[in-house]
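Descriptive structure summary
Given next are the chains, with one letter for each unit.
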Amino acid sequence: MSEKHPVVAITGSSGAGTTTVKRAFEHIFQREGITPAIVEGDSYHRYDRVAMKEKMAGGMSHFGPEANRFDKLAELFETYGKTGTGEKRYYLHSPEEAAEHNARLGVDKQSGEFTPWEEIPSGTDLLFYEGLHGLAVDDENDVAQHVDLGIGVVPVVNLEWIQKIFRDSAERGYSAEAIVDTILRRMPDYINHITPQFSRTDINFQRVATVDTSNPFIARDIPTPDESFVVIRFADPKKFDTDFVYLQSMIPNSFMSRRNTLVVPGGKMGFAMEVILGPIIERMMDRAR
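Residues numbered from 1 in each chain as written. Predicted model: local features only at pLDDT ≥ 70, side-chain atom pairs only at ≥ 80, totals over all residues. Heavy atoms only, no water.

1. Describing the overall build of the chain
We count it as follows: The helix count covers DSSP runs of H or I at least four residues long, the strand count covers runs of E at least two residues long, and both are numbered beginning at the N terminus. Restricting the calculation to C-alpha atoms gives the radius of gyration, and the globule rule supplies 2.2 Å times the number of residues raised to the power 0.38. In what follows, residue pairs with any heavy atoms lying within 4.5 Å of each other are defined as contacts.
Secondary structure summary: the chain contains eight helices and ten strands in total. At 19 Å, the chain has a C-alpha radius of gyration in line with the 19 Å of a compact globule built from 289 residues. Over its C-alpha atoms, taken along the principal directions, the chain stretches across nearly 55 × 50 × 35 Å. By sequence separation, contacts in the chain at least 24 residues apart represent 72% of the contacts at least 6 residues apart.

Here is the structure:
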């Protein structure tokens, strides 16, 4: 961990909604004049798209250590904390991304492949990671020990499945059967390598639907933010001097369910993130300077 070069990790499984947290941080960075080094979790997968499809046919999932470079991720977090730089690469999701990075790097990579490893430019204020394994720990690697602020994004599991089913169907054209097969294949790694991370986070944001999600495989739509609450759990409120009275005054219709747990309306999730995380990031930057 580092005061001079902080590492912020947002962790959550596929379809969990980490994009909402990323957007909140973008607003905070812009408002505070912070230049982040942004790292995407997909960049630390072990295999490219073609190779991973072959591995998946044999039962491998994206959630386990066999499919990911926990060693390189832990190395990056540790090196950045000490020096403010480190090695990263990009996973090319689309032909457009491939064209952009090919032109920048002078290479000829295709969608579904990785760019070469490159140094993070000096002069960034903090490292911002968003992906599956920001607080991963296995027998050989401890990514979590190098994280200064860990955020978990974890809807209740049925809601997470609904979001995944709709996303994979609409954006990727997967059949319902293929999506269910993916969920079943990933379940052991989800239990062993995803859920334990949420016990290592500083703050968890968990969206809970207020409509029936008991059978996610027949749901006709995703519950809207206004049809949900967000349960926000602080592992140690004293660590960040969390003022729950102030937070409740700022976030209408919020309430405390436990001494370290704030519940807010689902439609206020992005706003709550900015109210909670903005002062934390500001204090981190004050210490770094």
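What follows picks up the thread again.
2. Overview of the pattern of salt bridges
Spelled out, the test is: Salt bridge, as used here: a side-chain nitrogen of Lys or Arg that lies within 4 Å of a carboxyl oxygen of Asp or Glu. Accessible area is worked out with a 1.4 Å probe on protein chains only. A residue is then buried under 20% of its type maximum, exposed over 50%, and partly exposed in between.
Across all of its chains, the model carries seven salt bridges by this definition. The partner of Asp 71 in a salt bridge is Arg 69, and the shortest N-O contact between them spans 2.9 Å. Classification of Asp 71 as partly exposed rests on a relative accessible area of 32%. The partly exposed category is assigned to Arg 69, whose relative accessible area is 22%. With a closest N to O distance of 2.8 Å, Lys 72 and Glu 87 form a salt bridge. Within this pair, whereas Lys 72 is found in helix α3 (residues 70-83), its partner Glu 87 is found in strand β3 (residues 87-88), the two being separated by 15 residues in sequence. Under the relative-accessibility criterion, Lys 72 is labelled buried at 12%. In the salt-bridge network here, residues are joined through shared partners; they are Lys 72, Glu 75 and Glu 87.

3. Focus on the nonpolar core
Considering soluble globular proteins, one finds that nonpolar side chains tend to be buried as a cluster. Test applied: Here, nonpolar core refers to any group of buried Ala, Val, Leu, Ile, Met, Phe, Trp, Tyr and Cys residues whose side-chain atoms link them within 4.5 Å.
Of all hydrophobic cores here, the largest spans 35 residues; its most connected members are Phe 25, Phe 205, Ile 232, Ile 276, Leu 277 and Ile 281. With eleven residues, helix α8 (residues 269-288) is the largest single contributor of residues to this core. The contacts of Ile 276, once residues within four sequence positions are left out, are Ile 203, Phe 205, Ile 232, Phe 234, Leu 247 and Leu 262. Counting residues in each nonpolar core, the second largest holds 17 residues, with Ala 9, Ala 37, Phe 77 and Leu 127 among its members.

4. Some details on the sheet that holds strand β8 (residues 228-234)
Spelled out, the test is: Should DSSP find at least two bridges between two strands, the strands are taken to pair. To get an axis, fit a line to the C-alpha atoms, keeping to the stretch in contact for a helix; angles then go from 0 to 180 degrees between the N-to-C directions.
Strand order in the open sheet made by the eight strands is β2-β5-β1-β6-β7-β8-β10-β9, with mixed pairing throughout. A single partner strand is all that each edge strand has here, and the edge strands are β2 (36-40) and β9 (255-258). Between one strand axis and the next, the sheet turns through 20 degrees on average, direction left out of account. With seven bridges joining them, strand β7 (residues 203-209) and β8 adopt antiparallel strand pairing. The residue bridging Ile 203 from the neighbouring strand is Phe 234, located in β8. Packed on one face of the sheet, α3 meets β1 (7-11), β2 and β5 (126-131) and runs near 160 degrees to β5. Here α8 sits on the sheet and contacts β1, β5, β6 (149-153), β7, β8 and β10 (261-265); the angle it forms with β7, its principal contact strand, is near 180 degrees.

5. Considerations on unusual backbone geometry
Here Asp 241, not a glycine, exhibits a phi torsion of approximately 50 degrees, which is positive. Among the structural elements, Asp 241 can be located in the loop between β8 and α7 (244-250).

6. Considerations on helix α4 (residues 95-105)
In plain terms, the rule: Directions pointing from the helix axis toward each C-beta atom define the arc.
Taken as a whole, α4 has its buried residues at Ala 98, His 101 and Asn 102. All buried residues of α4 fall inside an arc of 105 degrees around its axis, so they share one side. Those residues of α4 that are exposed and aimed more than 90 degrees away from the buried face are Glu 96, Glu 100 and Ala 103. Among the residues trailing α4, Gly 106 stands out with phi positive, at a value near 70 degrees.

7. Comments concerning a nonpolar patch on the surface
Let me state the cut-off plainly: Any residue with relative accessible area above 30% and no salt bridge may belong to a patch, with like charges joined within 9 Å and the nonpolar Val, Leu, Ile, Met, Phe, Trp and Tyr side chains within 5 Å. To measure how exposed things are, a 1.4 Å probe is used in the Shrake-Rupley method; for residues, cover is taken only from the protein chains shown.
Judged by side-chain polarity, Tyr 246, Met 250 and Phe 271 come together as a nonpolar surface patch covering roughly 270 Å² of accessible area. Within the element layout of this structure, Phe 271 appears in helix α8.

8. Structural notes on the pairing of β9
In this structure, β9 lies alongside β10, joined through three bridges in antiparallel fashion. For Phe 255, the partnering residue across the bridge sits in β10 and is Val 263. Linking two consecutive strands that pair antiparallel, namely β9 and β10, is a turn of two residues.

9. Thoughts on the confidence of the model for the chain
What counts here: Looking at any residue, its pLDDT shows the predictor's confidence there, from 0 to 100.
Chain-level pLDDT for the chain is 92 on average; 96% of the residues reach the 70-or-more range. Confidence, expressed as mean pLDDT per element, reaches its minimum in the chain at helix α5 (residues 157-172) with 80 and its maximum at β9 with 98.

10. Topic: the pairing of β8
In β8, alternate side chains face the same way, and those of Ser 228, Val 230, Ile 232 and Phe 234 are buried while those of Phe 229, Val 231 and Arg 233 on the opposite face are not. Of the strand pairs in this sheet, β8 and β10 are connected by five bridges, and their pairing is antiparallel. Looking at the pairing, Ile 232 lines up with Leu 262 of β10.

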